[in-house]
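# Architecture at a glance
These are the residues of each chain, in order.
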Amino acid sequence: MSSEHHDVIIIGTGAGGGTLAHRLAPSGKRILLLERGGYAPREPENWDSAEVFLKDRYLSGETWYDKHGTPFTPHAQYYVGGNTKFYGAILFRLREKDFGQVIHHGGVSPAWPISYADLEPYYTEAEKLYLVHGEAGEDPTEPWRSGPFPHPAVSHEPRIQQLHEDFVGTGHHPFHLPVGVDLNEEDPEQGRCVRCAKFDGFPCLADGKADAHVCAVRPALEHPNVTLLRHAKVERLLTDSGGRAVTGVEVDRGGVMETYSADIVVSSCGAVNSAALLLRSATDRHPNGLANSSDQVGRNYMAHINSGVVALSKAPNPTKFQKTLGVNDYYWGAPDWEFPLGHIQMLGKSDRNILRAGAPWFAPGPALDYMSKHAIDFWLTTEDLPHPSNRVTVDREGSIHLAKTYLNAEPHRRLLGKLKGLLSHLGCQSRSIPRFSVLDQQIPIAGIAHQCGTVRFGDDPSQSVLDVNCKAHELDNLYVVDTGCFPSSSAVNPALTAMANALRVGDHLLERLGSTATATRTNRKPQEVAS
């Protein structure tokens, strides 16, 4: 056991843990961040699509198992900043109706124990912290907001501006995506972003992407009371004899086991890994895993039903920073369909290597070259629904098993059909001439970027793992602050909601600790422990 006791231990440094650390850092309380990875290396390969997409340079290399016991490699990256180092930084607020019960074709999306109004002030703060650019009033489904976006919308490049106009011409309401990026188009010297094509799915070599490392963890470490321990994989949580409090956090550091303690322990490992950690921490008092007398830990896993669609523009598409446009006209349904369909947004611009990763193996090189010069890349999202059988479990060796069946596939099929039916009106090929003129691919189980559920919060301890403040119902000092708490997934990117909720829970923890976030920063070297 480490001799130093902390006020708070936060396990994980991504959208939840990194943001929470930022909130608590000025309080002066002793905060220990435990990150299983190190810093993402800053190297030319950061922007090399062959290294990132074909060689999987930054993936964890872990093996998980699906419901049939078939092994797969999850698309997981473990670095300071978590998966936000690689995300597309599209930072949506959930729609106001998403916080209530929503009836879908495949079932029911349950209500949250908090309302949009409860989270709205924290959305506003999170948008400022993560440098969100946008234009209020364009998105027909956007919720009310207490103020404008903190930064103006990122402008469309010419081919995407034409796409915007073509969408308008077909009666749709395209809008500028809310993007978290350090960009000042009026004065480029004031921002780090260079508007390159290597944004979505790549780590940013210039620190231009608003990720949790750059925006939250790095400034948190300027406070002398915050310590970061890297390459520290948490294996299990230890409890007192009564099973009511976490007394130790067992950490593997290069094969050496160490134990750390704190008054409050927060798991921010992501929906899958937080659930797995609780399950691995079973004791005599908690035989099914910590906080799991309800048998809800690991259940109700969601990850969105996502597809990437590559359409071929009749004219070349020289766009570099393509991720600027979204369409939500089908979010709540369509004239010919009463149930929600989902959301359409642009992907980062594909190139030959990215297309090779998703194209049929027999696709010839010249075809990929042609596609890369003409490709317009879309990302389609339909809400995934919770179900108890969609779940995370661990075996005796501690390996993760992820059982997943999609229950809301028909709306996604219809959303794909809506987009494909518009392509001829959007300046794109509408038929398979040339070959591969429309390439669509649903994201498989290994795509866990939008993971959520598994330890949902609620008022009923028999149906939820956490209370409204994200504290475990059954333990006095254990919290989970990541997307695991989500009762539903909505159909927009989850990161901003995770960030806003971390700020909300942070305020609760500051009150519990009898502190306020007012301490001043220092200019000292960050307090971290390397390995």
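Residues numbered from 1 in each chain as written. Predicted model: local features only at pLDDT ≥ 70, side-chain atom pairs only at ≥ 80, totals over all residues. Heavy atoms only, no water.

Turning our attention to the overall build of the chain. A tally of helices and strands in the chain yields 10 helices and 24 strands. Seen through its C-alpha atoms, the chain measures out along the principal axes to roughly 70 × 50 × 45 Å. Once local pairs closer than 6 in sequence are excluded, the contacts in the chain between residues at least 24 apart make up 74%. Accessible area for the chain stands at about 20000 Å²; split by element, carbon and sulfur atoms hold 51% of it. On the chain, the mean spot of the 51 positive side-chain charges and the mean spot of the 61 negative ones are 4 Å from each other. (Helix = DSSP H or I, 4+ residues; strand = E, 2+ residues; numbered from the N terminus. Contact = heavy atoms within 4.5 Å. Areas by Shrake-Rupley, 256 points an atom, 1.4 Å probe, with all protein chains shown as cover. Lys, Arg positive; Asp, Glu negative; His and termini not counted. Charge placed at Lys NZ, Arg CZ, Asp CG, Glu CD.)

Okay, helix H5 (residues 212-220) next. Most of H5 is tucked away: 8 of the 9 residues are buried. Here H5 has its buried residues at Ala212, His213, Val214, Cys215, Ala216, Val217, Pro219 and Ala220. A side-chain oxygen of the first residue of H5 lies 3.0 Å from the backbone nitrogen of His213; this N-cap is Asp211. (Buried < 20%, exposed > 50% of the residue type's maximum accessible area, 1.4 Å probe, protein only. Polar contact = N/O pair within 3.5 Å; in protein donor to acceptor, adjacent residues only side chain to side chain.)

Here the idea is simple: oppositely charged side chains can pair when their charged atoms come close. Applying the stated criterion across every chain, the model contains 27 salt bridges. With a closest N to O distance of 3.0 Å, Asp507 and Arg23 form a salt bridge. With Asp507 in helix H10 (residues 495-512) and Arg23 in helix H1 (residues 17-24), this residue pair connects regions lying 484 residues apart in the sequence. With relative accessibility at 26%, the residue Asp507 sits in the partly exposed group. A salt bridge links Asp336 to Lys418; the nearest nitrogen and oxygen atoms lie 2.9 Å apart. Here Asp336 is found in the loop between strand E16 (325-327) and strand E17 (343-346), whereas its partner Lys418 is found in helix H9 (residues 409-422), with 82 residues between them in sequence. Looking at Asp336, the relative accessible area reads 48%, which means it is partly exposed. Salt bridges here are not isolated pairs; linked through shared partners, they connect Glu43, Glu51, Lys55 and Arg57. (Salt bridge = Lys/Arg side-chain N within 4 Å of Asp/Glu carboxyl O.)

Now for H9. Taking 1.5 Å of rise per residue, the 14 residues of H9 would be expected to cover 20 Å, and the 21 Å separating its terminal C-alpha atoms lies within 8% of that figure. Turning to H9, its buried residues number three or more, namely Pro411, His412, Leu415, Leu416, Leu419 and Leu422. Considered in projection along H9, the buried side chains sweep an arc of 145° and stay on one side of the axis. (Expected span 1.5 Å × (residues − 1). Arc of directions from axis to C-beta.)

Inspection of the secondary structure assignment puts Ser49 in helix H2 (residues 49-54). Apart from the residues lying within four places of it in its own chain, the contact partners of Ser49 are Leu54, Lys198, Phe202, Asp351, Asn353 and Ile354.

With that out of the way, let us pick up the environment of Thr324. Examined against the element boundaries, Thr324 turns out to sit in the loop between strand E15 (305-312) and E16. The exposure class assigned to Thr324 is buried, which follows from its relative accessible area of 1%. Along the chain, Thr324 and Asp395 lie 71 residues apart, while their C-alpha atoms are 43 Å from each other. The contact partners of Thr324, leaving out residues within four places of it in the chain, are Val154, Ser155, His156, Ile160, Phe175, His176, Leu177 and Met346.

Turning our attention to empty space enclosed by the protein. For the coordinates displayed, the defined rule picks out 5 cavities of 30 Å³ or more. Its volume calculated, the largest cavity comes out at about 150 Å³. Taken together, 16 residues line the largest cavity, and the ones lying closest to its centre are Phe92, Arg95, Glu142, Phe149 and Pro178. Mapped by element, the contributors of at least two residues to the lining of the largest cavity are helix H3 (116-129) and strand E8 (175-176). Here the residues of the lining of the largest cavity are counted per class, giving 7 nonpolar, 1 polar and 8 charged. (1 Å grid on protein atoms, 1.4 Å probe; cavity = no way out; pocket = protein on both sides within 12 Å on 5 of 7 lines; lining within 4 Å. Points joined across faces, edges and corners; volume = space filled by probe spheres on them. Nonpolar A, V, L, I, M, F, W, Y, C, P; charged D, E, K, R; others polar.)

Positioned with a positive phi, Ala291 is a non-glycine residue whose angle comes to about 60°. Topologically, Ala291 is positioned in the loop between helix H6 (271-280) and strand E14 (299-302). On the basis of relative accessibility, which here comes to 2%, the residue Ala291 falls in the buried class.

To continue, consider the side chain of Glu474. Assignment of secondary structure puts Glu474 in the loop between strand E22 (452-454) and strand E23 (478-480). Buried charge without a partner: Glu474 forms no salt bridge, and the closest opposite charge is Arg244, 6.6 Å away.

Here 4 bridges tie strand E19 (residues 391-394) to strand E20 (residues 400-403), and the two strands are oriented antiparallel to one another. Each bridged residue has a counterpart across the sheet, and for Val394 the counterpart in E20 is Ile400. Two successive antiparallel strands, E19 and E20, enclose a turn made up of 5 residues, where Gly398 displays a positive phi of approximately 85°. (Pairing = 2+ DSSP bridges.)

For Ile103, the location among the structural elements is in strand E5 (residues 102-104). Spatially, the C-alpha atoms of Ile103 and Phe339 are 7.3 Å apart, while their sequence positions differ by 236 residues. In this structure Ile103 touches Val108, Phe339 and Pro340, once residues within four positions along its chain are discounted.

One number sums up the size of the second largest pocket: a volume of about 220 Å³. As for the second largest pocket, its lining consists of 14 residues, of which His133, Pro152, Leu183, Asn184 and Glu185 are closest to the centre. Across the lining of the second largest pocket, the residue classes break down as 6 nonpolar, 5 polar and 3 charged.

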